[in-house]
Amino acid sequence: MIDGKKVLFSGMQATGNLTLGNYLGALKNWVTMSDEYECFYCVVDEHSITIRQDPAELRKRARALLTLYIAAGLDPEKNCIYYQSHVSGHAELAWILNCYTYMGELNRMTQFKDKSAKHADNINAGLFTYPVLMAADILLYQADVVPVGIDQMQHLEITRDIAQRFNSIYGDVFTIPEGYLGKVGAKIMSLQDPTKKMSKSDENPNASIYLMDDPDTIMRKFKRAVTDSEACVRYTDEQPGVKNLIDIYAACTGKLPTDIEHEFSGKGYGDFKEAVGESVVSVLKPVQDRVAQLSNDKSYIDQMIKKNAEKADYYATKTLRKVQHKIGFPDRIR
Ligand code: TYM
């Protein structure tokens, strides 16, 4: 609790181009939850280097992502929006938690299996201990709730396990966090292969809607989206392509899947895809316009970066000192 409010923590990697999946699965929920909680929204640049990055590009993307958080509607005066690398407590707590995490647990992580298959030439130790750094992110702020998409739920489970293990040895040190999944949009699928999640690392640009895609590109990608030969807009696992488009339309308009089935009953996929595309354009266009505006306001963003890093560091250090004392590190002399 901070000032009587429960704490929310979440983050995104500054890697690749953010997709509609990131927006509907996470960012959009962050905005609706931001009044109710004391929020920490992190640009997790330390996680990004588990895959080789171009330094100038990483710096640029991290800044663009932080700007995007604000453009999506998160007020940096109320929400703590900051870079992970600006708060040294993340890496320090991660080291400590590494010593309370088992190799067997990390071996079971599906993201590690996927990423090591994709980057077989660079299976580094950071990729393996990635979930421990994520646990440190969350536990440093004593977060109560962590809004994420479905693909991150396994990491949230291991975070809870590590926290519970630590608490069972040292007493109530960490708040045990709960994951939060949005009602719709928690798993947006690829537009070209609806059995796979929409991912920033997909090689086919038509598979993903990027948050900075212009309206024509968005409409074109939806027109090409893979559906089926049923010619019927139904919300069923047997029609994964159509189901995914219904999910996207539902998340963008707030309509229910059953109402969407009625809206398009007797209509072809052409009309349906156009409506889905338009709903996405109308959600993304205002965000894109605000990104353009904010990018011109360098000093405002810089000031927010400084102020929020100090705020995050204050809370992170508080938890870190408590942990260090509990495990037996010598206290600092004041
Ligand atoms: P990342 O950067 O891969 O994704 C950011 C958020 O977007 C969600 N997401 C999706 N949701 C629905 N459909 C999709 N197709 C889709 N693709 C991505 C993710 O679930 C995530 O919520 N390890 C994390 C970042 C992280 C983090 C944290 C998150 C680091 N520390 C602490 C929460 C708390 C990651 O790589 O997310």
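The coordinates are above.
An account of the accompanying structure is given in this report. Everything numeric here is computed off the predicted structure, so don't read it as measured data. (Residues numbered from 1 in each chain as written. Predicted model: local features only at pLDDT ≥ 70, side-chain atom pairs only at ≥ 80, totals over all residues. Heavy atoms only, no water.)

**Focus on the site of the ligand**
The immediate surroundings of the ligand are formed by 26 residues, with Tyr 130, Asp 137, Gly 149, Asp 151 and Ile 188 found nearest. Separating a nitrogen atom of the ligand from a side-chain N or O atom of Gln 152 is a distance of 3.1 Å. Here Met 198 contributes a backbone N or O atom positioned 3.0 Å from a nitrogen atom of the ligand. Relative to its unbound accessible surface of 710 Å², the ligand loses 97% to contact with the protein. Looking at the shell around the ligand, the elements with two or more residues in it are strand S1 (7-12), helix H1 (20-33) and helix H7 (125-140). Grouping the amino acids of the shell around the ligand by side-chain chemistry returns 12 nonpolar, 10 polar and 4 charged. (Near = heavy atom within 4 Å. Polar contact = N/O pair within 3.5 Å; in protein donor to acceptor, adjacent residues only side chain to side chain. Areas by Shrake-Rupley, 256 points an atom, 1.4 Å probe, with all protein chains shown as cover. Helix = DSSP H or I, 4+ residues; strand = E, 2+ residues; numbered from the N terminus. Nonpolar A, V, L, I, M, F, W, Y, C, P; charged D, E, K, R; others polar.)

**Here we look at the state of the cysteines**
By definition, a disulfide is the covalent link that joins the sulfur atoms of two cysteine residues. If you walk through the whole model with that rule in mind, you get 0 disulfides. The cysteine Cys 42 is free of any disulfide, with Cys 80 supplying the nearest cysteine sulfur at 8.8 Å. (Disulfide = S-S within 2.5 Å.)

**Quick word on the environment of Phe 264**
In this fold, Phe 264 is placed in the loop between helix H11 (257-263) and helix H12 (269-295). Sequence separation between Phe 264 and Arg 234 is 30 residues, and the spatial gap between their C-alpha atoms is 9.1 Å. Leave out the neighbours within four places in its chain, and Phe 264 touches Val 233, Tyr 249, Asp 271, Phe 272 and Ala 275. (Contact = heavy atoms within 4.5 Å.)

**Structural notes on the nonpolar core**
Where a protein is soluble and globular, its nonpolar side chains tend to be buried together. Tyr 69, Phe 222 and Ile 248 are the most contacted members of the largest nonpolar core, which has 61 residues in total. In terms of residue count, H12 provides more of this core than any other element does, 11 residues in total. The residues contacting Tyr 69, other than those within four sequence positions of it, are Gly 11, Met 12, Leu 27, Trp 30, Tyr 41, Cys 42, Val 43, Leu 74 and Ile 81. In terms of nonpolar packing, the next biggest core, distinct from the first, is built from 44 residues, Val 87, Tyr 100, Phe 112 and Ile 158 among them. (Core = buried A, V, L, I, M, F, W, Y, C linked by side-chain atoms within 4.5 Å. Buried < 20%, exposed > 50% of the residue type's maximum accessible area, 1.4 Å probe, protein only.)

**A short note on helix H4 (residues 89-98)**
For H4, every residue scored as buried is listed here: Gly 89, His 90, Leu 93, Ala 94, Ile 96 and Leu 97. The buried residues of H4 all sit within an arc of 165 degrees when viewed along its axis, so they share a single face. (Arc of directions from axis to C-beta.)

**Examining helix H9 (residues 215-223)**
A turn of α-helix holds 3.6 residues, and therefore any two residues three or four places apart point the same way. What H9 keeps buried is the set Thr 217, Ile 218, Met 219, Lys 221 and Phe 222. In this structure, the buried residues of H9 make contact with H1, helix H10 (240-253) and H12. Where H9 begins, one side-chain oxygen reaches toward the backbone nitrogen of Asp 216, 3.1 Å away; that side chain belongs to Asp 214.

**Section: the environment of Lys 255**
Within the secondary structure layout, Lys 255 lies in the loop between H10 and H11. Spatially, the C-alpha atom of Lys 255 lies 47 Å from that of Ile 169, the residues being 86 residues apart in sequence. Among residues more than four places away in sequence, those in contact with Lys 255 are Tyr 249, Ala 250, Ile 260 and Glu 263. A distance of 3.1 Å separates polar atoms of two side chains, one belonging to Lys 255 and the other to Glu 263.

**With respect to the packing of aromatic side chains**
Here the structure, examined in full by the defined rule, presents 14 aromatic pairs. A ring pair is formed by Trp 30 and Tyr 41, whose centres lie 4.6 Å apart and whose planes are at 15 degrees; its orientation type is stacked. On the criterion of sequence distance, the pair formed by Trp 30 in helix H1 and Tyr 41 in strand S2 (residues 38-43) is long-range, its members being 11 residues apart. The same class applies to Trp 30 and to Tyr 41, which are both buried. Each ring, one from Phe 166 and one from Phe 174, has its centre 5.1 Å from the other, and the planes form 50 degrees; the classification is tilted. Among the aromatic residues, ring-to-ring pairing joins Phe 9, Phe 40, Tyr 82, Tyr 141, Tyr 314 and Tyr 315 into one connected group. Over the aromatic face of Tyr 235 sits the side chain of Lys 243, whose NZ or CZ is 5.2 Å from the ring centroid. (Phe/Tyr/Trp six-rings, centres within 6.5 Å; stacked < 30°, edge-to-face > 60°. Lys NZ or Arg CZ within 6 Å of the ring centre and 35° of its normal.)

**A word on the pairing of S2**
Extensive coverage of S2 is indicated by the burial of 6 of its 6 residues. Of the two faces of S2, both are covered, the one formed by Glu 38, Phe 40 and Cys 42 as well as the one formed by Cys 39, Tyr 41 and Val 43. Summarising the sheet, S1 and S2 pair through 6 bridges and their orientation is parallel. Counterpart to Met 12 in the pairing with S2 is Val 43. For the handedness criterion, the β-α-β arrangement of S1, H1 and S2 is classed as right-handed. Pairing of S2 with strand S3 (residues 80-83) involves 4 bridges; the strand directions are parallel. Within S3, the position partnered with Tyr 41 by the bridge is Ile 81. (Pairing = 2+ DSSP bridges. Right-handed = clockwise from strand over helix to strand, strands pointing away.)

Worth remembering: the numbers are spatial, not functional.
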